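# Residue-level structural notes
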Amino acid sequence: MRIEVNGEAREVTAATVQAALVELGLGAARVATALNGVFVPAGARAGQPLAEGDRLEVLSPMQGG
Amino acid sequence: MRDFYGVTLSAPLMLGTAQYPSPAVLEAAFRASGAAVATVSLRREGGGGGAFWDIVRGLGVRVLPNTAGCHSAREAVTTARMARELFETDWIKLEVIGHADTLQPDPFGLLEAAETLCAEGFKVFPYTTEDQVLARRLVEAGCRVLMPWGAPIGSGLGLNNRYGLRTLRAAFPDIALVVDAGLGLPSHAAAAMELGYDAVLLNTAVAQAGDPVAMAGAFALAARAGALAAGADPMAPRDMAAPSTPLIGRAWL
């Protein structure tokens, strides 16, 4: 299915947020996730299904002021 | 002594982690500053986030994630929730930006986000203006720290409205106040502390200085000097001269 990951179109076979992270090579990365603008806690990723056209944001620690 | 949600800071200085020439300079600047708090952010995963996080943890300071770049309460609240998980802290520097050129806070979005986040147990550090009415509403929402700007972010202009900052201090004697943004020189930090503020927060003035490590040390001394001065009950200024040398015993020449 086709979803958007951090603003880029991606074709994934994953059915959940957790599976998508693994498929994207971020299974072990220190990240926080949001789906369609709603925070998805780490513990809820495996139970969060993906649908065609979903927007997934995967954020990591960054420099800030 | 006012604390920050129950935490007493070891120094009245919070330092940003952005814009340094290298990670090594960032680390050296933090050591030179003695800063008690490091501000951090979240951005789209592009590799390098883990390495940066290791550096920040190595600084041994408290971490204050921000919601920089958010232009609505909804964005800021989602970002705060993500930050709480990622950085394992309920401290959040709440920024809801209302104007692209001045990066002035959007007071309406800020209050809406602060109400939501305080209700969810966040310890909210709102980046705000010196507006007293907004400040009162933020305190009513549950904020125990207020962070009025000195001047627009990154401008280095210093304290644009000393009167407003002074009246804010007088209006909220029990709330920790931090001048956040706009500082360019150590004298600006000293002036903020002399007004009775509890800390200053800066980034660009140190990171973009020709010698960030030396400037970090200068800000540390200035913030401490200002804090000592505020505690020493400064004299009241006056318009006319008053001789400091005694007139009694003056020679008739």
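Here, the structure is the one placed above.
Residues numbered from 1 in each chain as written. Chains lettered and ligands numbered in written order. Predicted model: local features only at pLDDT ≥ 70, side-chain atom pairs only at ≥ 80, totals over all residues. Heavy atoms only, no water.

### Let's talk about the overall build of chain A
- Scanning chain A from N- to C-terminus turns up one helix and five strands.
- Along chain A, helices and strands appear, N-terminal first, in the series β-β-α-β-β-β.
- For 65 residues, the compact-globule estimate of 2.2 N^0.38 gives 11 Å, and the C-alpha radius of gyration of chain A, at 11 Å, lies within 12% of that figure.
- On the principal axes, the C-alpha backbone points of chain A span a range of 35 × 25 × 20 Å.
- Each of the 65 residues in chain A was classed as buried or not, and the buried ones make up 43%.
- Total accessible area on chain A is roughly 3,000 Å²; 52% of this is exposed by carbon and sulfur atoms.
- Distance from the positive charge centre (5 side chains) to the negative charge centre (7 side chains) of chain A: 8 Å. (Helix = DSSP H or I, 4+ residues; strand = E, 2+ residues; numbered from the N terminus. Rg over C-alpha atoms; globule rule 2.2 N^0.38 Å. Buried < 20%, exposed > 50% of the residue type's maximum accessible area, 1.4 Å probe, protein only. Areas by Shrake-Rupley, 256 points an atom, 1.4 Å probe, with all protein chains shown as cover. Lys, Arg positive; Asp, Glu negative; His and termini not counted. Charge placed at Lys NZ, Arg CZ, Asp CG, Glu CD.)

### Topic: the overall build of chain B
- Summing up its helical and strand segments, chain B has nine helices and eight strands in all.
- Against the compact-globule benchmark of 18 Å for 253 residues, chain B has a radius of gyration of 20 Å, which places it among compact chains.
- Its C-alpha atoms give chain B principal-axis dimensions of roughly 80 × 40 × 35 Å.
- Per-residue burial for chain B yields a buried fraction of 51% across its 253 residues.
- Sequence-distant contacts, at least 24 apart, represent 67% of the contacts inside chain B between residues at least 6 apart.
- Total accessible area computed for chain B in this model is approximately 11,700 Å², and 54% of it derives from carbon and sulfur atoms.
- Of the charged side chains in chain B, 20 are positive and 24 negative, and the gap between their average positions amounts to 5 Å. (Contact = heavy atoms within 4.5 Å.)

### Some points on the packing of helix α3 (residues 73-87) of chain B against helix α4 (residues 107-119) of chain B
Residues and elements named next belong to chain B.
- Orientation of α3 relative to α4, taken along the N-to-C sense of each, is 35°, at an axis distance of 8 Å. Here α3 runs over α4; the crossing is right-handed. Across the interface between the two elements, A73, A76, V77, A80 and R81 from α3 touch G109, E112, A113, T116 and L117 from α4.
- In terms of residue class, the contact of α3 with α4 is made up of six nonpolar, two polar and two charged. (Axes fitted to C-alpha atoms, helices over the stretch in contact; angles between N-to-C directions. Left-handed = near helix turned anticlockwise from the far one by under 90°. Nonpolar A, V, L, I, M, F, W, Y, C, P; charged D, E, K, R; others polar.)

### Let's talk about the nonpolar core
- With 86 residues, the main nonpolar core has F4(B), M14(B) and V200(B) as its most contacted residues.
- Setting aside residues up to four positions removed in sequence, F4(B) forms contacts with L9(B), M14(B), W91(B), F125(B), V145(B), A176(B), V178(B), D198(B) and A199(B).
- By size, the runner-up hydrophobic cluster in this structure holds 15 residues, among which are I3(A), L21(A), V31(A) and V58(A). (Core = buried A, V, L, I, M, F, W, Y, C linked by side-chain atoms within 4.5 Å.)

### Quick look at helix α7 (residues 186-194) of chain B
Residues and elements named next belong to chain B.
- With respect to burial, α7 is a largely interior element, seven of its nine residues being buried.
- The set of residues buried in α7 consists of P186, H188, A189, A190, A191, A192 and M193.
- Count one or two residues on from α7 and you reach G196, which has phi positive near 95°.

### Regarding the interface of chain B and chain A
- On the side of chain A, 23 residues touch chain B, which itself brings 27 residues to the contact.
- Taken over both partners, the interface formed by chain B and chain A buries close to 2,200 Å², and the fraction arising from carbon and sulfur atoms is 59%.
- In terms of surface lost to chain A, no three residues of chain B exceed R44(B), E45(B) and M82(B), which account for 31% of the buried area on that side.
- Between chain B and chain A we count three salt bridges in total.
- Of the charged contacts, one joins E85(B) and R45(A) as a salt bridge, the two residues approaching to 3.4 Å between their closest N and O atoms.
- Where chain B meets chain A, there are 16 residue pairs in polar contact (both at pLDDT 80 or more).
- Broken down by element, the side of chain B that touches chain A gets its largest block of residues, seven residues, from α3(B).
- Among the residues making up the side of chain B that touches chain A, the classes are represented as nine nonpolar, nine polar and nine charged.
- Pairing geometry for strand β5 (residues 55-63) of chain A and strand β2 (residues 37-44) of chain B, over five bridges, is antiparallel. Across the sheet, Q63(A) pairs through a bridge with V40(B), a residue of β2(B). (Buried area = accessible area lost by both parts, 1.4 Å probe. Salt bridge = Lys/Arg side-chain N within 4 Å of Asp/Glu carboxyl O. Polar contact = N/O pair within 3.5 Å; in protein donor to acceptor, adjacent residues only side chain to side chain. Pairing = 2+ DSSP bridges.)

### Some words on the state of the cysteines
Residues and elements named next belong to chain B.
- Here the structure, examined in full by the defined rule, presents zero disulfides over all chains.
- Of all cysteine sulfurs in the structure, the one in C143 sits closest to C70, which takes part in no disulfide; the separation is 16 Å.
- Residue class for C70 comes out buried when judged on its relative accessible area of 5%.
- Free cysteine C118: the closest other cysteine sulfur is in C143, separated by 4.1 Å.
- Assessed through its relative accessible area of 16%, C118 is described here as buried. (Disulfide = S-S within 2.5 Å.)

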